[in-house]
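Report on the structure
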Amino acid sequence: MLKKPAKKEANFKDKQVKESTSETNNKIKNEIVDFLKNIGLSIVSFSSQEKIESLEKISKFIGDRYEYAKDFIKNIKRSLASGRYINMYMKDYSEEKITSICQLASDLYNLAFLR
């Protein structure tokens, strides 16, 4: 009989951990969406945990390298508003800036945000 209460207690703790994890994930998701909105990007929809994790990675990347990626982000916003393709001439950009823009574009492409 002592095992049954311990099992119920363990299930209760597991449920608390799952709820806590879910709440934390929702909080992180909301923070990411807010961050992207603050820089002028919006999310139409996402459904899988993998896409959420990709958004977290992209958000962190943008936050860490915003100075290098801001021109590209401005071009994305213009492109979304006008429906035109993005053309960037990066001849005079530093290697680090070109690398950051290419990495961000690749990540967005893999997320199916760019085509």
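These numbers come from a predicted model, not from an experiment.

1. Overview of the pattern of salt bridges
Taken as a whole and judged by the stated rule, the model has 4 salt bridges. Taking the shortest distance from any N to any O, the salt bridge between K70 and E67 comes out at 3.1 Å. Separated by 3 residues within a single helix, K70 and E67 lie in helix α3 (residues 66-82), roughly one turn from each other. Across the pair K97 and D71 runs a salt bridge, and its minimum N-O distance is 2.6 Å. One end of the pair, K97, is in helix α4 (residues 95-110); the other, D71, is in helix α3, with 26 residues separating them in the sequence. On the accessibility criterion, K97 (15% relative accessible area) is buried.

2. What to know about the environment of K74
Inspection of the secondary structure assignment puts K74 in helix α3. The partly exposed category is assigned to K74, whose relative accessible area is 39%. Put simply, K74 and L41 are 33 residues apart on the chain and 9.5 Å apart in space, counted from C-alpha to C-alpha.

3. Things to note about the environment of K70
K70 gets classed as partly exposed once you look at its relative accessible area, which sits at 25%. Between the C-alpha atom of K70 and that of K97, which follows or precedes it by 27 residues, the distance is 9.7 Å. Reaching out from K70, the side chain makes a polar contact with the side chain of E67 at a distance of 3.1 Å.

4. So, helix α2 (residues 49-64)
For an α-helix, the turn length of 3.6 residues means that residues three or four places apart are oriented alike. Over its 16 residues, α2 runs 22 Å from end to end, which matches the ideal 22 Å to within 8%, given 1.5 Å per residue. For α2, every residue scored as buried is listed here: I52, L55, I58, S59, F61 and I62.

5. What to know about the packing of α3 against α4
α4 packs onto α3 with a crossing angle of 45 degrees between their chain directions and a minimal axis gap of 8 Å. Overall, the two elements α3 and α4 adopt an arrangement that is oblique. In this structure, the crossing between α3 and α4 has a hand that is right-handed. Residue-level inspection shows Y68, A69, D71, F72, I73 and I76 of α3 in contact with α4, the latter providing E96, K97, S100, I101, L104, A105 and L108. Residue composition of the contact of α3 with α4, by class: 9 nonpolar, 1 polar and 3 charged.

6. As for the environment of M90
Position of M90 among the secondary structure elements: in the loop between α3 and α4. Residues M90 and I101, 11 residues apart in the sequence, show an inter-C-alpha distance of 9.7 Å. In contact with M90, other than residues within four places in its own chain, are I98 and I101.

Rules and cut-offs
Residues numbered from 1 in each chain as written. Predicted model: local features only at pLDDT ≥ 70, side-chain atom pairs only at ≥ 80, totals over all residues. Heavy atoms only, no water. Salt bridge = Lys/Arg side-chain N within 4 Å of Asp/Glu carboxyl O. Helix = DSSP H or I, 4+ residues; strand = E, 2+ residues; numbered from the N terminus. Buried < 20%, exposed > 50% of the residue type's maximum accessible area, 1.4 Å probe, protein only. Polar contact = N/O pair within 3.5 Å; in protein donor to acceptor, adjacent residues only side chain to side chain. Expected span 1.5 Å × (residues − 1). Axes fitted to C-alpha atoms, helices over the stretch in contact; angles between N-to-C directions. Parallel < 35°, antiparallel > 145°, perpendicular 65-115°, else oblique. Left-handed = near helix turned anticlockwise from the far one by under 90°. Contact = heavy atoms within 4.5 Å. Nonpolar A, V, L, I, M, F, W, Y, C, P; charged D, E, K, R; others polar.

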